[in-house]
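Spelled out from the first residue to the last, the chains are:
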There are 2 protein chains.
Amino acid sequence: MPMCPRVSDEYKETKKREIAAAARRVFIRKGFAHAVMQDIMDEAGISRGALYAYFDNLEHVFMEVLRYDDEELFQWTGPELQSPVWGMLMKWLGEIEQDLMKLQHSLVRARAEFFLSSAYVKDKKHYPYIRQRYENAVDAISRVIRAGEERGEFQPLQDARSLAGYILSFLNGLMLDTYQLGPDATWAEQQLDVFRNTLKLMLKPSSTDGYRDLSIGE
Amino acid sequence: MPMCPRVSDEYKETKKREIAAAARRVFIRKGFAHAVMQDIMDEAGISRGALYAYFDNLEHVFMEVLRYDDEELFQWTGPELQSPVWGMLMKWLGEIEQDLMKLQHSLVRARAEFFLSSAYVKDKKHYPYIRQRYENAVDAISRVIRAGEERGEFQPLQDARSLAGYILSFLNGLMLDTYQLGPDATWAEQQLDVFRNTLKLMLKPSSTDGYRDLSIGE
DNA sequence: AGTATAAACGACATTGATGTCGTTTTCAAT
DNA sequence: ATTGAAAACGACATCAATGTCGTTTATACT
């Protein structure tokens, strides 16, 4: 029996999450490329030694931040999908639009920077993680589309997986551009209108209750 | 009258372009985040002093590389658009698809890294340039759509500018994801099929001669 | 050939960040 | 209270990259 560990495992877990939360704020503020360990120490109010006791390096910090973050990302695509699926989808897009409009600072940029720059590292050690994230996102969206299909609510013109990829690509692209230039420069709202239209045309939802019909000819 | 400049202005311009070409190779290989001045000196086979005689810093080098590159980007959207516009559009997408498939290393990643990371710098000194680039791209695509519209070839469901933004967002997003994960992981081909479909539905081209009809119901 | 001028060179001082490590502090069990 | 373990601290050695500058080299004109 060890003499006496000074603090409980629980304490350490809590502390780690605290530091990660501080780091998260830093990454939101400065992105990944310009963030340094010192920023995190300052933000968390801890010493160099303490930080390095919990994390090996900046990449490690970031990966953990992402991990905590992901725990609540695609919650809306649980097994228990309330009806109607189209409504859920539009609601989700609405939330994304809100984020874009408010220029609400999220991890979007830091994440993009991180993934991009880690594409170079020789050993490719994050690749499985990055790929897994992408797969998860595609799966979540595919599941929603298939749910709508099985209920007879959608009649997709192409397969769910391809559509899911398409949806992700567009949203990623829009978020990136908008992050840099602002929603006014990119016409984010109008782009989203176009996008909603394409979804409608591709998914052929039987009903679009409760959401504005853009009255596109057809 | 100055005594004698050792070399002509032309010589200096040539040399600058040579260095930029070397730098371009470096950026393609390592991206922006991991490239350093030394890499460019090595690649170009010149000394530190020489490099700094032509460029102030790494960002400066990159901006110049981009500038040279842009000179030939949207050439296909000149004032003299050959018919049919839909065909041109599809041809362009085909080229993009080729690039993606070959994983042909281009400046895509470096450019994204550069724009993302320069979003932080306090003084925002590149902002006008970045924005200008975006505007140019949107304009070029808008022009194409309007040309098709004026000729009665297209009947767009929404305005050209919104559609242009939408097109850019999707392509940017697809390129980024595909750069990181490869065209197989992202199902790039299938995504592009979906995308072509949406374009067809949104632009309603009167004819799609010469390009595969995906025989979507309708 | 000789010379003035600027291009090219590369050593160097400087900066900024990293990860380590010996020391100090804090806590829980005795 | 005492004590032992480990959490937190912060000084420090190290490293990598930057931008400068005094020196050397190349060239065009005389």
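Being a predicted model, the structure only gives us computed values, none of them experimental.

## Notes on the pattern of salt bridges
Link 1 in the chain: Across all of its chains, the model carries 27 salt bridges over all chains by this definition.
Link 2 in the chain: Salt bridges here are not isolated pairs; linked through shared partners, they connect A:Lys16, A:Glu64 and A:Arg67.

## Considering the UniProt feature "DNA-binding region" (unreviewed entry) in chain A
Link 1 in the chain: Under the feature "DNA-binding region" (unreviewed entry), the UniProt entry names residues 36–55 of chain A.
Link 2 in the chain: The span residues 36–55 of chain A carries 75% helix and 0% strand; its end-to-end C-alpha distance comes to 13 Å.

## Comments concerning the environment of A:Gln191
Link 1 in the chain: With respect to the helices and strands, the residue A:Gln191 is situated in helix 10 (residues 188–203).
Link 2 in the chain: A relative accessible area of 0% places A:Gln191 in the buried class.
Link 3 in the chain: Between the C-alpha atoms of A:Gln191 and A:Leu174, which are 17 residues apart in sequence, the distance is 8.1 Å.
Link 4 in the chain: Here the side chain of A:Gln191 touches B:Ser169 through a polar contact of 2.5 Å, side chain to side chain.

## Brief notes about the packing of aromatic side chains
Link 1 in the chain: The full count for this structure, using the stated rule, is 20 aromatic pairs over all chains.
Link 2 in the chain: Taken together, a centroid distance of 5.8 Å and an interplanar angle of 40° make the contact between A:Tyr166 and A:Phe195 tilted. Here A:Tyr166 is found in helix 8 (residues 160–181), whereas its partner A:Phe195 is found in helix 10, with 29 residues between them in sequence. A single burial state applies to A:Tyr166 and to A:Phe195, both of which are buried.
Link 3 in the chain: Among the aromatic residues, those joined into a ring-pair cluster are A:Tyr166, A:Phe170, A:Phe195, B:Tyr166, B:Phe170 and B:Phe195.

So, how was this worked out
Residues numbered from 1 in each chain as written. Chains lettered and ligands numbered in written order. Predicted model: local features only at pLDDT ≥ 70, side-chain atom pairs only at ≥ 80, totals over all residues. Heavy atoms only, no water. Salt bridge = Lys/Arg side-chain N within 4 Å of Asp/Glu carboxyl O. UniProt positions renumbered as here; feature names shortened; annotations may be inferred. Helix = DSSP H or I, 4+ residues; strand = E, 2+ residues; numbered from the N terminus. Buried < 20%, exposed > 50% of the residue type's maximum accessible area, 1.4 Å probe, protein only. Polar contact = N/O pair within 3.5 Å; in protein donor to acceptor, adjacent residues only side chain to side chain. Phe/Tyr/Trp six-rings, centres within 6.5 Å; stacked < 30°, edge-to-face > 60°.

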